[in-house]
Amino acid sequence: KQWYQRRVRGIFWGMCFAAVIVLRIKRPEMERPFQVPLVIPVIAILTSLYLILGSIYAAPLKSGIWVLASLIAVPVYYGYVDKERSCDRWSSALTQRLLAYFDAGTAA
């Protein structure tokens, strides 16, 4: 579990630093109380990539499994957490099937 959490944290920290660069390019007029020198996010992104690629190289099977698990989480997020884009049709059907399954399991 800790192995996975460290890798995911590395991915998201890299994405946060990439957002600093993206916002600086797309929204240069945005008021910022503190402006980070550009070299810091670049170094942080490169470090994050090094850690991610290093873990894939060191343990490709384990990394592949956790990448797959993370990709499976995307539709779950958009189906259940993100209310603006929720897929009520498939989530309702899935909920009904699961309720019927668990209800049938307890009736026996």
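Residues numbered from 1 in each chain as written. Predicted model: local features only at pLDDT ≥ 70, side-chain atom pairs only at ≥ 80, totals over all residues. Heavy atoms only, no water.

Participant: Is there a simple way to think about the environment of Trp66 in this case?
Facilitator: Looking at the element boundaries, Trp66 is found in helix H3 (residues 60-81). Of the residues examined, Trp66 reaches a relative accessible area of 33% and is grouped as partly exposed. (Helix = DSSP H or I, 4+ residues; strand = E, 2+ residues; numbered from the N terminus. Buried < 20%, exposed > 50% of the residue type's maximum accessible area, 1.4 Å probe, protein only.)

Participant: Can you help me understand the pattern of salt bridges in this one?
Facilitator: Taken as a whole and assessed by the stated rule, the structure comprises 1 salt bridge. Taking the shortest distance from any N to any O, the salt bridge between Glu29 and Arg27 comes out at 3.5 Å. Residue classification places Glu29 among the exposed residues on the basis of a relative accessible area of 59%. (Salt bridge = Lys/Arg side-chain N within 4 Å of Asp/Glu carboxyl O.)

Participant: Could you clarify how one ought to interpret the environment of Ile52 in this entry?
Facilitator: Relative to the assigned elements, Ile52 resides in helix H2 (residues 39-58). Separated by 44 residues in sequence, Ile52 and Val8 have C-alpha atoms that sit 8.7 Å apart. In this structure Ile52 touches Gly10 and Ile11, once residues within four positions along its chain are discounted. (Contact = heavy atoms within 4.5 Å.)

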